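So you can see what is in the structure, the chains are spelled out below.
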Amino acid sequence: MRKNILIIFFLNFSFLLSSQEIYFRRTQEFKITVDYELLTNADTFRYNEIIDDIEKTSIQESKGRIVTLDEYEESSGIGFLLVQSNLLVDSVDYKVANNDSFPAYAIYSKIDKFIIPRWIPIWYFNALESQDRDLILKGEPGRGTWDGDINPDVWYNDIPQISSFVLTNTGMTYYTPLWGQIVFLFKSVKKLSNTKYEVVAYPDIRATDEDITWDIYKENFPHIENGNPVKFIIEIDGKVMKVYNGETGRICHDLIQVSAEWVKLYETFVRTNNVPTGLVLPEEYLLREKTQNNKSITSNNSNVEPVKIMTVTENLKLRSGEATSTQVLAVMQAGSRIKVLEVGKAETIDGISSNWVKVVVLSRSKNREGKPIREGTVGWCFGGYLE
């Protein structure tokens, strides 16, 4: 009998209850055998056919227990571990035996799936910054072509759900509300530094390069064929995660972690193309080293440059354009912090030579009345009053 692994995937699994045992319908197959180790004294869960959902049991499994799964089972994925014939353990409670584990806050939980933070790909933040939901299609072109018979803008209403990257100590996948995610199971997880981990990952034996449906960085992805193992480097630095091809070092995924509440607000933006109150760009995005597409028009004595974080030195008007005749959006109080997005024309004002700069307001900035300015507000100001 082929020796594969049993581990339950949170998106596509279904199960039947018969003679008090759970049987999992196979949707993935993997050429891998792995032992798992419980990280904690773990709660267990059982499928309840009456409520068509899982429920907590009174049984606990002990920390350090090794679960060996060396026989083929009908299974798929990375959300639950079957520790007994009908008892499940959540993904936060186990890892590949004798291997390292990721920071707890970075891990997906099947039990808390509706409240845990999510890892979101970078094009969602680009779309929000530009207030243009069509930028999502650059990352996921399948959203616009999934049904050729519909009007092109129907996807906004029919599939507003955000895609996300899912990581556990035993595997990873990238979720999309359409199709084409590849589940990877980890053979090993090795910590290389405080932020970097190397994983050896096995894809589903039927997965191919065509199943990589996140288009940005697709060309950097390892070749997927016949379930052969591939290597990734996963870098987790606070709420920023980058996944690299372990052989070439080229980036495969660029992600930022956001709250479940942020995701709900964002899906309102997708449906309406209007930014709802409370939906702001996370500071991790605003502080990115985002040099591409920035202009570099500067004067010889300018103090400003793209992606620089600066402080307002005295009350300074934030305008809709790079001229004193444009609309005033806010008056920023001295001490407010901004990030320079773009450097515009040079000018001398009140004897000070500098450039107009397009900026985004960072957290804890205030107007001249001392009231908070909405984080993520974008406008133009004169760089001579920034340091």
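Before reading on, note that the structure itself is shown above.
Computed from a predicted structure; not experimentally measured.

**Regarding the overall build of the protein**
Scanning the protein for helices and strands turns up five helices and 23 strands. Here the protein, with 387 residues, has 49% of them falling under the buried criterion. Contacts spanning at least 24 positions in sequence make up 62% of the contacts within the protein whose residues lie at least 6 apart. Accessible surface, the protein: about 18,000 Å² in total, of which carbon and sulfur atoms supply 45%.

**Some words on helix α4 (residues 260-272)**
In this model α4 runs 19 Å from its N-terminal to its C-terminal C-alpha over 13 residues, within 8% of the 18 Å that 1.5 Å per residue would give. Buried positions along α4 lie against β10 (118-121), α1 (123-130), α2 (136-139), α3 (155-158) and β17 (251-258). With its phi angle positive at about 65 degrees, N273 sits one or two positions after the end of α4.

**Side note on the pattern of salt bridges**
Here the structure, examined in full by the defined rule, presents eight salt bridges. The shortest N-O distance in the salt bridge between D43 and K56 comes to 3.4 Å. Taken together, the residues span a long stretch of sequence, with D43 in strand β4 (residues 42-48) and K56 in strand β5 (residues 53-61) at a distance of 13 residues. Between E369 and R368 there is a salt bridge; the shortest N-O distance is 3.6 Å. For the pair E369 and R368, a shared accessibility class is recorded, and that class is exposed.

**A look at the side chain of R118**
Inspection of the secondary structure puts R118 in strand β10. A polar side-chain atom of R118 sits 3.2 Å from a polar atom in the side chain of S164. Dropping the residues within four chain positions of it, R118 is found in contact with I162, S164, I256, Q257, V258 and V263.

**What about the packing of aromatic side chains?**
Applying the stated criterion across every chain, the model contains 17 aromatic pairs. Consider the rings of F221 and F232, whose centres lie 5.7 Å apart with planes at 65 degrees: the pair is edge-to-face. One end of the pair, F221, is in the loop between β14 (196-203) and β15 (230-237); the other, F232, is in strand β15, with 11 residues separating them in the sequence. A relative accessible area of 10% places F221 in the buried class. For F232, a relative accessible area of 0% translates into the label buried.

**Remarks on the environment of Y197**
Turning to its location among the elements, Y197 is positioned in strand β14. A relative accessible area of 2% means that Y197 is categorised as buried. For the pair Y197 and F232, spaced 35 residues apart in the sequence, the C-alpha separation amounts to 8.3 Å. Residues within four places of Y197 in sequence aside, it is in contact with S101, F102, P103, V189, K190, K191, L192, F232, I233 and I234.

**Brief notes about the packing of α1 against α4**
The contact between α1 and α4 brings their axes to 12 Å, and the two run at 55 degrees. The orientation of α1 relative to α4 falls into the category oblique. Every pair of crossing elements has a handedness; the one defined by α1 and α4 is left-handed. Contacts from Y124, F125, A127 and L128 of α1 reach α4 at W262, Y266 and F269. For the contact of α1 with α4, a count of residues per class yields seven nonpolar, no polar and no charged.

**As for the nonpolar core**
With 75 residues, the main nonpolar core has F102, F165, L167, F186, F232, I234 and Y266 as its most contacted residues. For L167, the contacting residues outside a window of four places in its chain are F102, A106, I107, Y108, M172, F186, I234, I236 and M241. Of all hydrophobic cores here, the second largest spans 21 residues; its members include M310, I338, V343 and F382.

**Some words on the environment of L88**
Tracing the chain through its elements places L88 in strand β8 (residues 87-90). L88 sits in the buried class, given a relative accessible area of 1%. Between the C-alpha atoms of L88 and Y47, which are 41 residues apart in sequence, the distance is 8.5 Å.

**Some words on the environment of E129**
With respect to the helices and strands, E129 occurs in helix α1. Exposure remark for E129: the relative accessible area of 23% places this residue in the partly exposed category. Considered as a pair, E129 and Y285 are 156 residues apart in the sequence and their alpha carbons are 9.8 Å apart. Here Y285 takes part through its side chain, which lies 2.7 Å from a polar atom of the side chain of E129.

Definitions and limits used
- Residues numbered from 1 in each chain as written.
- Predicted model: local features only at pLDDT ≥ 70, side-chain atom pairs only at ≥ 80, totals over all residues.
- Heavy atoms only, no water.
- Helix = DSSP H or I, 4+ residues; strand = E, 2+ residues; numbered from the N terminus.
- Buried < 20%, exposed > 50% of the residue type's maximum accessible area, 1.4 Å probe, protein only.
- Contact = heavy atoms within 4.5 Å.
- Areas by Shrake-Rupley, 256 points an atom, 1.4 Å probe, with all protein chains shown as cover.
- Expected span 1.5 Å × (residues − 1).
- Salt bridge = Lys/Arg side-chain N within 4 Å of Asp/Glu carboxyl O.
- Polar contact = N/O pair within 3.5 Å; in protein donor to acceptor, adjacent residues only side chain to side chain.
- Phe/Tyr/Trp six-rings, centres within 6.5 Å; stacked < 30°, edge-to-face > 60°.
- Axes fitted to C-alpha atoms, helices over the stretch in contact; angles between N-to-C directions.
- Parallel < 35°, antiparallel > 145°, perpendicular 65-115°, else oblique.
- Left-handed = near helix turned anticlockwise from the far one by under 90°.
- Nonpolar A, V, L, I, M, F, W, Y, C, P; charged D, E, K, R; others polar.
- Core = buried A, V, L, I, M, F, W, Y, C linked by side-chain atoms within 4.5 Å.

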